[in-house]
Amino acid sequence: LAVKNNAEVIGMTSHGIADGESPLKGGIKPSKVKKVIRRINDYNRETGSKIQTRLTFTIGKWNLNHTKIREYFEYCDQLGVNVIRFNEFFDVRNKYPDYILSAEDRALAYQFMKTIYDAKDYSLNLSVCEDFGDSGVEVMGFPAEIGNCPAGETFFGVVYPHVYACPVLLNIRVGRINEVGDFRLDKN
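What counts and how
Residue indices begin from 1 for each chain and proceed along its sequence in written order. This being a predicted model, a pLDDT of at least 70 is required before a residue's local features are given, and a value of 80 or more before pairs of side-chain atoms are given or counted; all residues contribute to the totals for chains, interfaces and linings. Excluding hydrogens and water, the side-chain figures rest on all heavy atoms present in the structure. Elements are defined by DSSP. Helices are runs of H or I of four residues or more, strands are runs of E of two residues or more, and each kind is numbered from the N terminus. Any two strands are treated as partners once DSSP identifies two or more bridges connecting them. Where helices are involved, their axes are fitted lines through C-alpha atoms of the stretch in contact, as for all axes, and angles between N-to-C directions lie from 0 to 180°. Patch rule: a residue counts if its relative accessible area is over 30% and it has no salt bridge; like charges are joined within 9 Å, and nonpolar side chains (Val, Leu, Ile, Met, Phe, Trp, Tyr) within 5 Å. Areas reported here follow the Shrake-Rupley algorithm with a probe of radius 1.4 Å; residue values treat only the protein chains shown as occluding. Every case where a carboxyl oxygen of Asp or Glu lies within 4 Å of a side-chain nitrogen of Lys or Arg is listed as a salt bridge. A positive count includes Lys and Arg, and a negative count includes Asp and Glu. His and the chain ends are not counted in either. For charged residues, the charge sits on one atom: NZ in Lys, CZ in Arg, CG in Asp, CD in Glu. Any Phe, Tyr or Trp ring, taking Trp's six-membered ring, that has another such ring centre within 6.5 Å forms a pair; planes under 30 degrees apart are called stacked, those over 60 apart edge-to-face, and the others tilted. Note on classification: 1.4 Å probe, protein chains only; a residue is buried when its accessible area is under 20% of the maximum for its type, exposed when over 50%, partly exposed between these limits. Only buried residues count toward a nonpolar core, which is a set of Ala, Val, Leu, Ile, Met, Phe, Trp, Tyr and Cys residues joined through side-chain atoms within 4.5 Å. A contact between two residues is defined here by any heavy atoms of the two lying within 4.5 Å. Working definition: roughly parallel below 35 degrees, roughly antiparallel above 145 degrees, roughly perpendicular at 65 to 115 degrees, and oblique for all remaining angles. A clockwise turn of the near helix away from the far one marks a right-handed crossing, whereas an anticlockwise turn of less than a right angle marks a left-handed crossing. Side-chain classes follow a simple rule in which Ala, Val, Leu, Ile, Met, Phe, Trp, Tyr, Cys and Pro form the nonpolar group, Asp, Glu, Lys and Arg form the charged group, and the remainder, Gly included, forms the polar group.

A. Molecular detail of unusual backbone geometry. Across the junction of Tyr160 and Pro161, the peptide omega takes the value 10°, indicating a cis bond. Within the secondary structure, Pro161 is located in the loop between β5 (157-159) and β6 (162-164).

So this is what it looks like as structure tokens:
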């Protein structure tokens, strides 16, 4: 379906690199995510497709350290992931206040990501979700005009049958999905 609709990237979230590593529950286990990435890479080799993979890791107090973030980079590089992405833990239900990052923690996370990414010639690209905010972001060297969607620039939202450029704000409709699953861009 992804190939049929010209999807270029499949994004997934992994709560760590090993099952049971993260205190977060309810997501797909890292062992399953690893299998999916391998299947996509095998599919690309077998068919000549160029579907990219993006793997997101949530950063909270439990994994905010240089070693763990470097392990995420190494893991993604070894798996052949195209883009490693980081987002910040958000405690929707106020059940885990000890996991929430402070402004200083976010600045430290940016510093870790930047130094790790720059220290090695990785075969993957780095993306940081805009939910990290701007505490310490200047170390990244991003252009000042980087998007205004809290989910970042390269995600989309679907509220059937409409497709939106920002999955959080749902304010810019870019297309539709018809009843057989084909995606069509809006004519603007």
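B. Inspection of the sheet that holds β5 at higher detail. Strand order in the open sheet formed by 4 strands is β5-β6-β7-β8, and the pairing between neighbours is antiparallel. Single-partner strands in this sheet number two, and they are β5 and β8 (183-185). Neighbour-to-neighbour, the strand axes of the sheet open up by a mean angle of 30°, direction not taken into account. The pairing of strand β7 (residues 173-177) with β8 spans 3 bridges and is antiparallel. In the sheet register, Ile177 faces β8, and the bridge partner there is Phe183.

C. Broad picture of a positive patch on the surface. On the surface, a cluster of positive charge is made up of Lys29, Lys32, Lys35 and Arg39. Relative to the elements of secondary structure, Arg39 occurs in helix α1 (residues 30-47).

D. Focus on the packing of aromatic side chains. In this structure the tally under the stated criterion is 12 aromatic pairs. Look at Phe57 and Phe86: their rings are 6.3 Å apart centre to centre, the planes differ by 35°, and that puts the pair in the tilted class. One end of the pair, Phe57, is in strand β2 (residues 52-59); the other, Phe86, is in strand β3 (residues 83-88), with 29 residues separating them in the sequence. Exposure class is identical for Phe57 and Phe86. Each is buried. Through a chain of ring-to-ring contacts, the aromatic side chains of Phe57, Tyr72, Phe73, Phe86, Tyr117 and Tyr122 assemble into a single cluster.

E. Geometry of the nonpolar core. Leu55, Ile69, Phe73, Ile84, Phe86, Met113 and Phe132 are the most contacted members of the largest nonpolar core, which has 30 residues in total. For this core, the elements supplying multiple residues, two or more each, are α1, β2, α2 (66-79), β3, α3 (103-119) and β4 (125-128). At 6 residues, α2 tops the list of elements feeding residues into this core. If we skip the residues at most four places from it in the chain, Phe73 touches Ile84, Phe86, Met113, Ile116, Tyr117, Tyr122, Leu124 and Leu126.

F. Here's a closer look at the sheet that holds β3. Read from one edge to the other, the open sheet built from 4 strands follows the order β1-β2-β3-β4, with strand pairing classed as parallel. Strands at the two margins of the open sheet, each flanked by one partner only, are β1 (9-13) and β4. For this sheet the average axis-to-axis angle between neighbouring strands, irrespective of direction, equals 25°. Sheet topology note: the β3/β4 ladder contains 4 bridges and is parallel. Pairing of Val83 across the sheet is with Asn125, part of β4. Across the sheet, α1 is in contact with β1 and β2; its angle to β1 comes to roughly 165°. Taken strand by strand, α2 contacts β2, β3 and β4, and its axis lies near 165° from that of β2.

G. Highlighting the packing of α2 against α3. Relative orientation of the contacting elements α2 and α3 amounts to 50°, with a least axis distance of 10 Å. Classified by the angle between their axes, α2 and α3 sit oblique to one another. The handedness of the crossing between α2 and α3 comes out as right-handed. Mapping the contact onto sequence places His66, Ile69, Arg70 and Phe73 in α2 and Phe112, Met113, Thr115, Ile116 and Tyr117 in α3. Considering only residue class, the contact of α2 with α3 consists of 6 nonpolar, 2 polar and 1 charged.

In short, the description is geometric, and any link to function would need to be established separately.
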